[in-house]
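Here is what each chain is made of, one letter per residue.
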Amino acid sequence: MADERDDTNIYDECADVLSDVPDDLADWEDIENQKSESEVESSEDSEILPRRIRRTLRLPTDSDESDEEDSAQWSEFDLPRTNNEFEGSPGPNIFPKDTQSVEDITGLYIGNDLFEYICNETNKIPSFNLSQNISIDEGMIPWRGQLNFKVYNPSKITKYGILIRMMCDSITGYISSFKIYSGVGQPLVKTVMELLTPSYGKWHHLYMDNYYNSVELAENLLEKKIRVCGTIRQNRGFPEKLKRANVNVFKACHQRKGEVLAQVWRASKTKTTRMISTIHNATLINTQRTCRKTNCTIKKPESVLDYNKYMKGVDRADQYLSYYPIYRKSIKWSKIVCMYLFNCALFNAFRTCQYFNTEQKSLRFHDFLLKVCDSWIKDHVPASEQNLKVATTSRASHHDPIDRLSGHIKQHQLVLISETNKRKRKNCHVCSKNKKRKITNLMCKSCGVALHLGNCFAAYHTKEKY
């Protein structure tokens, strides 16, 4: 009795419109409902409204419905098992020519077609004949991270990075060939020969600094019909007599070995320049300038003048590449190298554009890059769609094709507006005419008008006023 009384008390205190009534008080709830209804009938004028009791139902679960059904299906009786045999066949379904060959097995996944594709696409890269004067020098791909073949070059603006040796046109700076230094030692003669391979047999004039030049290299390049000019170190076959030569300021002395000219020129009291050339003779040129200290006329060898004029091809390319670099921060040096080479390709395209458009000599590299970006971000129409007379804007055309009512329905076919982008849509021409804005990804191939399949397509090709 005590428990029932306690439960009744709790119910009287907590039961209201928002209360959750226990299930075991359901009968009591029915009695209360009947009692309240009788009280309402007897006292119509009473302002006290009867209290309604709401009972919260428990959410059913899957286990409640399936427990009784499954209990009759389960048993403790065990049966002997006979599992089915595996019907698959493990192992490769394509066999190589030689199962012992690593190359043939790898070819199942990376075949020659991939390399042929890369080779074909690489050969598509345009190459334009350089002018007579070319130069070879070092460039730097900026990189400050850890790398076992990272170098330090104090003569460059970018002092830390990956060394790249380039052959460029001396006037425009067009990059013809390059070779990235990867830490593997290789004779300089071989490096220069690899860079110059496309230029053999044309009598180019090559300008290099003392890091590359030597008497032996100059003689080898003469056999390839390439003449050289540049500074040279004493230990690169330079004549012994010229090593000890003592000449006055703005004076020069020389020695010749066949086509190879070795020359010493005194630029100041403390500076002596050693030159090697298979292009020039030992003539001194009057520069029409005078020295401030001695008031003497400055005379320079012709090889020095041309060296200062044509040695700046790689520096000119580096200058343009440093203006608007496309580098982004990365922890992988390979990404930086790819972006650098991509930047080189843009620079070469800029020089090519200037070559074809002589009236655009004043075109700046900045404006050229902006035009390239603008052309890349636009939607390109595939070649298969260029013959379709597609409206250039999304608005309905004001002039319909003459043959839209020709009655030859077969020539009017619905195709995708864009084969490459199936999500591309335009406003339906018929719906727009009826002041409805509905889009579609289909268009009439003959009329070049965006239409819905069905009524819009039929009305446009059968009714004069659709």
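All figures in this text were calculated on a predicted structure; none of them were measured in a lab.

The rules we used
- Residues numbered from 1 in each chain as written.
- Predicted model: local features only at pLDDT ≥ 70, side-chain atom pairs only at ≥ 80, totals over all residues.
- Heavy atoms only, no water.
- Salt bridge = Lys/Arg side-chain N within 4 Å of Asp/Glu carboxyl O.
- Helix = DSSP H or I, 4+ residues; strand = E, 2+ residues; numbered from the N terminus.
- Buried < 20%, exposed > 50% of the residue type's maximum accessible area, 1.4 Å probe, protein only.
- Phe/Tyr/Trp six-rings, centres within 6.5 Å; stacked < 30°, edge-to-face > 60°.
- Lys NZ or Arg CZ within 6 Å of the ring centre and 35° of its normal.
- pLDDT = per-residue confidence, 0-100.
- Contact = heavy atoms within 4.5 Å.
- Axes fitted to C-alpha atoms, helices over the stretch in contact; angles between N-to-C directions.
- Parallel < 35°, antiparallel > 145°, perpendicular 65-115°, else oblique.
- Nonpolar A, V, L, I, M, F, W, Y, C, P; charged D, E, K, R; others polar.
- Disulfide = S-S within 2.5 Å.
- Polar contact = N/O pair within 3.5 Å; in protein donor to acceptor, adjacent residues only side chain to side chain.
- Core = buried A, V, L, I, M, F, W, Y, C linked by side-chain atoms within 4.5 Å.
- Pairing = 2+ DSSP bridges.
- Patch = residues over 30% accessible without salt bridge, like charges linked within 9 Å, V, L, I, M, F, W, Y side chains within 5 Å.
- Areas by Shrake-Rupley, 256 points an atom, 1.4 Å probe, with all protein chains shown as cover.
- Arc of directions from axis to C-beta.

K.L.:
Explain the pattern of salt bridges to me, please; I cannot follow it from the model alone.
P.N.:
Close approach of charged atoms allows side chains of opposite charge to pair. Throughout the structure, instances matching the rule amount to five salt bridges. Here E219 ties to K257 by a salt bridge, and the two come within 3.5 Å at their closest N and O atoms. Linking E219 in helix α7 (residues 215-223) with K257 in strand β7 (residues 252-257), this pair joins segments that are 38 residues apart in sequence. Using a relative accessible area of 29% as the deciding quantity, one classes E219 as partly exposed. Of the residues examined, K257 reaches a relative accessible area of 54% and is grouped as exposed. Residues E259 and R227 are paired through a salt bridge, measuring 3.3 Å at the closest nitrogen-oxygen approach. Linking E259 in the loop between β7 and β8 (260-266) with R227 in strand β6 (residues 226-231), this pair joins segments that are 32 residues apart in sequence.

K.L.:
Would you mind showing me how to read the packing of aromatic side chains here?
P.N.:
For any pair of aromatic rings, the description consists of the separation of the ring centres together with the inter-plane angle of the planes. In the structure shown here, the tally under the stated rule is 16 aromatic pairs. Seen in terms of ring centroids, F365 and F368 are 6.5 Å apart; in terms of plane orientation they differ by 15°. Their pairing is stacked. Highlighted residues: F365 and F368, both in helix α12 (residues 365-377), separated by three residues, approximately one helical turn. Given the relative accessible area of 4%, F365 is considered buried. F368 gets classed as buried once you look at its relative accessible area, which sits at 9%. Here a set of aromatic residues connected by ring pairs shows up, and it is made of Y320, Y323, Y324, F347, F350, F365 and F368. We note K224 situated over the ring of Y200; from NZ or CZ to the ring centre the distance is 5.2 Å. The side chain of R351 reaches across the aromatic face of Y320, ending 4.8 Å from its centre.

K.L.:
Is there a simple way to explain the confidence of the model for the protein in this structure?
P.N.:
It should be kept in mind that the predicted coordinates are not to be read in detail where pLDDT is low. Overall, the predicted model of the protein reaches an average pLDDT of 77, with 76% of residues at or above 70. Within the model, the stretch residues 59-63 combines pLDDT values under 50 with zero contacts to residues more than four positions away or in other chains.

K.L.:
I keep staring at the packing of helix α11 (residues 333-356) against α12 and nothing clicks. Help me out?
P.N.:
What describes two packed helices is the angle between their axes and the distance between those same axes. α12 packs onto α11 with a crossing angle of 105° between their chain directions and a minimal axis gap of 10 Å. For the element pair α11 / α12, the angle class is roughly perpendicular. Facing α11, whose interface residues are F342, L346, F347, A349, F350 and C353, α12 presents F365, F368, L369, V372 and W376. Residues that form the contact of α11 with α12 fall into these classes: 11 nonpolar, no polar and no charged.

K.L.:
Before we go on, may I ask you to explain the environment of S199 in this structure?
P.N.:
Tracing the sequence through the fold places S199 in the loop between α6 (188-196) and β5 (204-208). Sequence spacing of S199 and L130 is 69 residues, and the spatial spacing of their C-alpha atoms is 8.4 Å. Aside from chain neighbours lying at most four places away, what touches S199 is I134, M167, H204 and I226.

K.L.:
Looking at this model, I keep getting lost on the state of the cysteines. Mind explaining?
P.N.:
The bond known as a disulfide is covalent and runs between the sulfur atoms of two cysteines. Taken as a whole and judged by the stated rule, the model has zero disulfides. Counting only cysteine sulfurs, C431 is the nearest neighbor of C456, a cysteine outside any disulfide, at a range of 3.7 Å. Residue classification places C456 among the buried residues on the basis of a relative accessible area of 13%.

K.L.:
Just to check I follow, could you spell out the side chain of T440 for this structure?
P.N.:
In this fold, T440 is placed in strand β14 (residues 439-440). For T440, a relative accessible area of 5% corresponds to the buried category. A polar contact of 3.1 Å, which involves the side chain of T440, links it to the backbone nitrogen of L442. Apart from the residues within four sequence positions on either side, T440 is in contact with I417, K424, R425, K426, C428, A450, L451 and H452.

K.L.:
What's the story with the nonpolar core in this structure? I'm lost.
P.N.:
For soluble globular proteins, the rule of thumb is that nonpolar side chains tend to be buried together. Counting 27 residues, the largest nonpolar core has I136, V192, L196, L206, M208 and L221 as the members making the most contacts within it. Core analysis: the second largest hydrophobic core is formed by 26 residues, I164, V314, M339 and F347 among them.

K.L.:
Sorry, what's going on with the pairing of β8 here?
P.N.:
Burial runs high along β8: seven of the seven residues are buried. Here β8 shows no split at all, with V260, A262, V264 and R266 on one side and L261, Q263 and W265 on the other all buried. Of the strand pairs in this sheet, β7 and β8 are connected by six bridges, and their pairing is antiparallel. Note on β8: the bridge partner recorded for K257 is V260. Bridge count for β8 against strand β9 (residues 272-277) is six bridges, and the pairing is antiparallel.

K.L.:
When you look at a nonpolar patch on the surface in this model, what are you seeing that I'm missing?
P.N.:
Taken together, the side chains of I94, I105, L108, Y109, I110, L114, F115, Y117 and I118 present a nonpolar region at the surface, about 950 Å² in accessible area. Considering each element in turn, the nonpolar patch owes the most residues, four residues, to helix α5 (residues 112-123). With respect to the secondary-structure elements, Y117 resides in helix α5. A residue is classified by how much of its surface remains accessible, and Y117, at 51% relative accessible area, is exposed.

K.L.:
Please explain helix α10 (residues 313-323) as it appears in this structure.
P.N.:
Because the α-helix completes a turn every 3.6 residues, residues three or four places apart line up on one side. The complete set of buried residues in α10 reads G313, V314, A317, D318, Y320 and L321. Seen end-on, α10 carries its buried residues on one side only, within an arc spanning 165°. Residues of α10 that are buried in the fold lie against β1 (133-142), β3 (160-169), β4 (175-180), α9 (302-310), α11 and α12.

K.L.:
Can you help me understand unusual backbone geometry in this one?
P.N.:
Peptide bonds are, in most cases, trans, and in most cases residues other than glycine have a negative phi. With a phi angle near 60°, W203 is a residue other than glycine that sits in the positive phi range. For W203, the position within the fold is in the loop between α6 and β5. Residue class for W203 comes out partly exposed when judged on its relative accessible area of 37%. Even without a glycine there, the phi angle at Q288 is positive, about 60°. Structurally, Q288 is set in strand β10 (residues 284-290).

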